[in-house]
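Structural features, examined
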Amino acid sequence: MTTLARVPVLAGSDAETVAAKAIAERWGLTSETTDNDVFQLWLTNGILALHWLQSPQKMSPLVVDFHQGKAAYRAQNTQLKNEAIAKAVGVSGQFKPSVVDGTAGLGRDAFVLAGLGCNVQLIERHSVVAALLDNGLHRAQQEADFIGETCQRMHLIGTDNLYTGKGFTHEPDVVYLDPMYPKTGKQKAQVKKDMQMFQQLVGSDEDADTLLEPALALAKFRVVVKRPNSAPFLAGREPNSQIKSKKHRFDVYIKRGFHESAN
């Protein structure tokens, strides 16, 4: 992972100053601005938003909102048979594995798995992204609808849990990883504006190879790694099987079958 950028958390009103400072303290961020800030987090009416102050084009703030956009549509219209991630993780009509998403990002893949009925513990190593995700989850979980119920199955537990092995509510059946991968010359399509901001903030996960061993140690049955089709295997380790989609593949590392005895 790249070095964390200095990002202050600011209140949109005097009434939210205490809440903004609590967010900064929880995630190890600051409440002090400088003239050189590239990003700032603003808490306004309970919504935490990331502002890119030095963006090359005018860009809306980045907010995690599970009730809006394609993520909401996908979660409500997902069909099990059409989701490559479901096949890779091992979701079926009868079996909903518990999952740890070790690179949760904006929570989109975890949201799909939760929508399919999985209980998902989330780890996000970048504290700014974790703060955004935590805020988005908290807001969504207040709503008494399908999306709110789905987000009730998502639990953000911290930033470094995969390495420390602490903070998990239970041993997961599956650990899922989707580390950021450097852009290559083959990637001609321009990513959407929200992901441009995300990539600028987070960069690529240069230490991604170090994620595989702790993931294998934690998972009860398998580890699933999402990769661009052209990317090498994580840590140079060949998976037991692969599930491929148009732009990505899911490398599956099997420790034992889901129906095997724990002995």
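Note that the coordinates shown come from a computational prediction; the quantities given were computed from them, not determined experimentally.

Here's the deal with the overall build of the protein
When helices and strands are tallied, the protein shows 9 helices and 10 strands. Since a compact globule built from 263 residues should have a radius of gyration of about 18 Å, the 18 Å found for the protein is in line with a globular shape. With 263 residues in all, the protein has 46% of them scored as buried. Across the protein, the fraction of contacts at a sequence separation of at least 24, relative to all contacts at a separation of at least 6, is 66%.

Concerning the side chain of Glu-124
By the secondary structure assignment, Glu-124 is in the loop between β5 (120–123) and α5 (127–141). The charged side chain of Glu-124 is buried without a salt bridge, its nearest counter-charge being Arg-125 at 6.4 Å. At a separation of 2.8 Å, a polar atom in the side chain of Glu-124 contacts the main-chain amide nitrogen of His-126.

With respect to α5
If you check α5, its first and last C-alpha atoms are 21 Å apart, about what 15 residues at 1.5 Å a residue would give, namely 21 Å. Along α5, 13 of the 15 residues are buried, which leaves the element largely enclosed by surrounding structure.

Some points on the sheet that holds strand β3 (residues 47–52)
Pairing is mixed in the open sheet, where 3 strands are placed in the order β1-β2-β3. Two strands bound the open sheet, and with one partner strand each, they are β1 (9–11) and β3. Here the average twist between neighbouring strands, direction ignored, is 30 degrees. The sheet contact formed by β1 and strand β2 (residues 39–44) spans 3 bridges and is parallel. Bridging from a neighbouring strand, Leu-10 pairs with Trp-42 of β2. Here helix α1 (residues 17–26) sits on the sheet and contacts β1, β2 and β3; the angle it forms with β1, its principal contact strand, is near 170 degrees.

So, the UniProt feature "binding site: S-adenosyl-L-methionine" (unreviewed entry) in the protein
As recorded in UniProt, the sites labelled "binding site: S-adenosyl-L-methionine" (unreviewed entry) are Arg-108, Asp-109, Glu-124, Arg-125 and Asp-178. Relative to the elements of secondary structure, Asp-109 occurs in helix α4 (residues 108–115). Judged by its relative accessible area of 12%, Asp-109 is buried. Leave out the neighbours within four places in its chain, and Asp-109 touches Arg-74, Ile-85, Tyr-176, Asp-178 and Lys-226. Classification of Glu-124 as buried rests on a relative accessible area of 6%.

Calculation rules
Residues numbered from 1 in each chain as written. Predicted model: local features only at pLDDT ≥ 70, side-chain atom pairs only at ≥ 80, totals over all residues. Heavy atoms only, no water. Helix = DSSP H or I, 4+ residues; strand = E, 2+ residues; numbered from the N terminus. Rg over C-alpha atoms; globule rule 2.2 N^0.38 Å. Buried < 20%, exposed > 50% of the residue type's maximum accessible area, 1.4 Å probe, protein only. Contact = heavy atoms within 4.5 Å. Lys, Arg positive; Asp, Glu negative; His and termini not counted. Salt bridge = Lys/Arg side-chain N within 4 Å of Asp/Glu carboxyl O. Polar contact = N/O pair within 3.5 Å; in protein donor to acceptor, adjacent residues only side chain to side chain. Expected span 1.5 Å × (residues − 1). Pairing = 2+ DSSP bridges. Axes fitted to C-alpha atoms, helices over the stretch in contact; angles between N-to-C directions. UniProt positions renumbered as here; feature names shortened; annotations may be inferred.

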